[in-house]
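What follows is each chain in one-letter form.
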Amino acid sequence: MTILEAAAQLRSGTTTSRQLTETCLARIDLLNPRLNAFLTVTPDHALAQADQADRELAAGQSRGPLHGIPIALKDVFETKGIRTTAGSLLFKDHIPTADSAVTEKLAAAGAVLLGKTNMHELAYGVTSSNPHFGPVRNPWNTDCIPGGSSGGSGAAVAAHMCFMAMGSDTGGSIRIPAAFCNTVGLKPTYGRVSRRGVLPLDFSLDHMGPLTRSVRDAALCLQALAGLDPLDDTSSPEPVPESDNDYLPPAHVSLAGVRIGVPENYYFDQVDPAVQASVRRMVQLAAGLGAKVEVIRVPDIPALNATARIILLSEASATMERFQHRRLEIGPDVRSLLDQGRFLAATDYVNAQRARRVFRDQFLELFRRVDVIFTPSTPIAAAPIGQATVRIGDLDEDVRLASTRFARAINLLGFPALSMPCGFDANRMPLGLQIISAPFEERRLLAVAAALEDETDFHQQSQPL
Amino acid sequence: MDLPAEDLERLVPALDSLEAAFAPLRELAPHESEPITIYRLERVK
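Quick caveat, the model's predicted, so the values are computed rather than measured.

Undergrad: Looking at this structure, I do not really get the overall build of chain A. What am I missing?
TA: The number of helices and strands found in chain A is 14 helices and 15 strands. Counting only residues that meet the buried cut, chain A has 65% of its 465 residues in that class. Restricting to contacts in chain A with at least 6 residues of sequence separation, those with at least 24 account for 77%. Counting 44 positive and 50 negative side-chain charges, chain A places the averaged centre of each group 2 Å from the other.

Set out below in structure tokens:
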């Protein structure tokens, strides 16, 4: 069931928030020992919120489509009185005294918080094989990673433990688990969703967004999350679309006249053939629905990725510098990245932030010719847990670099991007289509994705557990 | 920097590879271009 469907049932009286919440809690009880998707479950808190939602809905006081819907938060979002670990021993006893902006907004929308999801340590990696709290397992194959760093959120949504889970995305950490777990993952424009109260990794690359089981659910969540936060320096004053013009795509979306760019360079090189075929089929589907497909050349993505990595390593090491005396409490992979950042030259960081302007302008120019760009979300499906390299064609590639190389550049740009289910590989592991648009064009991005989702059933498929 | 030798050795290939990738980009931005300090975006009109 999706949020849209559950919201309709709540309003028609065919279910209650308590029933939905108890069902999710039972699912967590049943599956979390196998998937390790949740670090903290808050049943008493959730049932109290559910009962309140039921009372309000019965009294005709609707707070919107998330009212009474059970959700989860990645364990980087601060929750007043509820432990927030960032998947790290450094924060294992951290009980925040205030909610994050996202926590506040979801509570105001009436969502029911089930708990906090497991993740890659400090949100700094893509496997979610957490050395302290144990690996998150992919519901499609529990021997495989769910992607990361929001791996618990991806697994929880895919396994129907909740209707939506929030993620954070610094180099693909929403879109990669979405692709690997067969969910939708939306990284909004930088500044669209407040970062206040989220344990920071990289202040200039971090984005917050939802993982859901449908595109329209992602739209409903963005509607609740978007908006100016005066307490976040990077929060944008750009107006949030409202009422008849809001983010939710209509029941029937036309792609007539929509200009879709398909890169002829980079994004289809060195890619698993199943990924290539699945994404090409989505391009054909869009063309069949009336979209105008244009072959484009994208700017130098490896250069963008290198620039993003300079910024990522520098900012993350600066952010975590205060924990240098506790570095041995950090797992070896994240510790190594933090060490790398301390060796980079300050001049490289400054020049990376200067180069960023150039790349942003190049991509803005590209979006004068097309409305959206289609690429694979990742060149591969989920790798087995513990596997360091993956073979693509004739080359062995580091799993971490392979998983992030189509996503990371978009964090540098700050443009919105979404991953949606688009097929399966030979092992029946999910694959993702990435759709990218110009800044603050989430409405169009979601409409294009909804049109494709309406014509396919990939998002409705799940693995029996 | 106080790092064990084996940790240091592990960093070198990753840093070398990143340095090599970034080297041609150091002069990509025009001379007068300033670094982005707080990243902000606006809708394209």
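Undergrad: I'm lost on the interface of chain A and chain B in this one. Help?
TA: Many authors give the size of an interface as the accessible area that is lost as the parts come together. Tallying the contact residues gives 40 residues for chain A and 30 residues for chain B. Buried surface at the junction of chain A and chain B, both sides included, amounts to about 3,400 Å², of which 62% is carbon and sulfur. Its largest share of buried area at the contact with chain B, chain A owes to Phe343(A), Arg354(A) and Arg357(A), together 18% of the area lost on that side. Joining chain A to chain B, the criterion identifies four salt bridges. A salt bridge links Arg43(B) to Glu238(A); the shortest N-O distance between them is 2.8 Å. One can count 11 residue pairs in polar contact (both at pLDDT 80 or more) joining chain A with chain B. For the side of chain A that touches chain B, the secondary-structure elements that each account for two or more residues are α9 (301–320), α10 (332–343), α11 (346–366) and α13 (408–413) of chain A. At 13 residues, the largest contribution of residues to the side of chain A that touches chain B is made by α11(A). Here the side of chain A that touches chain B is built from residues that sort into 18 nonpolar, eight polar and 14 charged.

Undergrad: Looking at this structure, how should I read the packing of aromatic side chains?
TA: Two numbers describe a pair of aromatic rings. These are the distance of the centres and the angle of the planes. Residue and element names in this part refer to chain A. For the structure shown, the criterion picks out eight aromatic pairs over all chains. For the ring pair Tyr266 and Phe406, a centre distance of 5.8 Å and an interplane angle of 80° mean the geometry is edge-to-face. Of this pair, Tyr266 sits in the loop between β9 (259–263) and α8 (273–288) while Phe406 sits in the loop between α12 (399–404) and α13; the two residues are 140 residues apart in sequence, bridging distant segments of the chain. In this pair, the class of Tyr266 matches that of Phe406, namely buried. Ring geometry for Phe424 versus Phe458: centroids 6.3 Å apart, planes at 65°, classification edge-to-face. Of the two residues, Phe424 sits in strand β14 (residues 417–424) while Phe458 sits in the segment after α14 (442–454), which places them 34 residues apart along the sequence.

Undergrad: What should I look at first to understand unusual backbone geometry in this one?
TA: The phi angle of most residues is negative, glycine excepted, and most peptide bonds adopt the trans form. Residues and elements named next belong to chain A. Each neighbour pair has its own omega, and for Gly148 with Ser149 the value is 10°, a cis peptide bond. A positive phi angle, near 55°, is found at Asn36, a position not held by glycine. Within the secondary structure, Asn36 is located in the loop between α2 (17–35) and β1 (38–41). With a phi angle near 55°, Ala86 is a residue other than glycine that sits in the positive phi range. Relative to the assigned elements, Ala86 resides in the loop between β2 (70–74) and α4 (101–108). Overall, the relative accessible area of 2% leaves Ala86 in the buried class.

Undergrad: Honestly, the pattern of salt bridges in this entry has me stumped. Any pointers?
TA: Pairing is possible between side chains of opposite charge, provided their charged atoms come close. Residue and element names in this part refer to chain A. The full count for this structure, using the stated rule, is 29 salt bridges over all chains. A salt bridge links Arg369 to Glu294; the nearest nitrogen and oxygen atoms lie 2.8 Å apart. Here Arg369, found in the loop between α11 and β11 (372–376), pairs with Glu294, found in strand β10 (residues 292–296); they are 75 residues apart in sequence, far enough to count as distant. For Asp398, the salt bridge goes to Arg400, with nearest N and O atoms at 3.2 Å. Note on Asp398: relative accessible area 22%, which makes it partly exposed. Under the relative-accessibility criterion, Arg400 is labelled partly exposed at 40%.

Undergrad: Mind showing me how you'd approach the nonpolar core here?
TA: One broad rule of soluble globular proteins: the nonpolar side chains tend to lie buried together. In terms of nonpolar packing, the biggest core is built from 163 residues, with Leu106(A), Tyr124(A), Phe363(A), Phe374(A), Met420(A) and Ile435(A) touching the most fellow members. Examining the composition of this core, we find that 11 residues originate from one element, α9(A), more than from any other.

Undergrad: What is the right way to look at the pairing of β10(A) in this model?
TA: Regular strands place side chains that alternate from one sheet face to the opposite one. All names here are of chain A. Bridging between β9 and β10 involves five bridges; their strand directions are parallel. Following the sheet pairing, Ile260 is matched in β10 by Val293. Viewed along the sheet, the connection from β9 through α8 into β10 turns out right-handed.

Undergrad: Would you mind going over α8(A) with me for this structure?
TA: Side chains that are three or four residues apart share a direction in an α-helix, a result of its 3.6 residues per turn. All names here are of chain A. Look at α8: 22 Å from first C-alpha to last across 16 residues, which is about the 22 Å you get at 1.5 Å a residue. Within the span of α8, buried status applies to Val275, Ser278, Val279, Met282, Val283 and Ala286. An end-on view of α8 places all buried positions within 140° of arc, on one side of the element. Opposite the buried face of α8, at more than 90 degrees from it, the exposed residues are Pro273, Gln284 and Gly288. The inward-facing, buried residues of α8 contact β9, β10, β11, β14, β15 (430–437) and α14. The opening residue of α8, the one whose side-chain oxygen lies 2.7 Å from the backbone nitrogen of Ala274, is Asp272. Directly after α8, the chain includes Gly290, whose backbone phi takes a positive value near 105°.

Undergrad: Help me understand the state of the cysteines, please; the structure alone is not making it clear to me.
TA: In a disulfide, the sulfur atoms of two cysteines are held together by a covalent bond. Evaluation of the coordinates by the stated rule reveals zero disulfides over all chains. Free cysteine Cys24(A): the closest other cysteine sulfur is in Cys162(A), separated by 6.7 Å.

Undergrad: What should I look at first to understand the sheet that holds strand β8 (residues 207–212) of chain A in this one?
TA: In sheet architecture, strand pairing relies on hydrogen bonds along the backbone and comes in two forms, parallel and antiparallel. All names here are of chain A. If you walk across this open sheet you meet the 11 strands as β1-β3-β2-β6-β8-β7-β14-β15-β11-β9-β10, and the pairing is mixed. At either end of the open sheet lies a strand with only one pairing partner, and these are β1 and β10. Sheet twist, expressed as the average angle between the axes of neighbouring strands with direction ignored, equals 30°. Running at roughly 145° to β15, α14 makes contact with β7 (184–187), β11, β14 and β15 of the sheet.

What counts and what doesn't
Residues numbered from 1 in each chain as written. Chains lettered and ligands numbered in written order. Predicted model: local features only at pLDDT ≥ 70, side-chain atom pairs only at ≥ 80, totals over all residues. Heavy atoms only, no water. Helix = DSSP H or I, 4+ residues; strand = E, 2+ residues; numbered from the N terminus. Buried < 20%, exposed > 50% of the residue type's maximum accessible area, 1.4 Å probe, protein only. Contact = heavy atoms within 4.5 Å. Lys, Arg positive; Asp, Glu negative; His and termini not counted. Charge placed at Lys NZ, Arg CZ, Asp CG, Glu CD. Buried area = accessible area lost by both parts, 1.4 Å probe. Salt bridge = Lys/Arg side-chain N within 4 Å of Asp/Glu carboxyl O. Polar contact = N/O pair within 3.5 Å; in protein donor to acceptor, adjacent residues only side chain to side chain. Nonpolar A, V, L, I, M, F, W, Y, C, P; charged D, E, K, R; others polar. Phe/Tyr/Trp six-rings, centres within 6.5 Å; stacked < 30°, edge-to-face > 60°. Core = buried A, V, L, I, M, F, W, Y, C linked by side-chain atoms within 4.5 Å. Pairing = 2+ DSSP bridges. Right-handed = clockwise from strand over helix to strand, strands pointing away. Expected span 1.5 Å × (residues − 1). Arc of directions from axis to C-beta. Disulfide = S-S within 2.5 Å. Axes fitted to C-alpha atoms, helices over the stretch in contact; angles between N-to-C directions.

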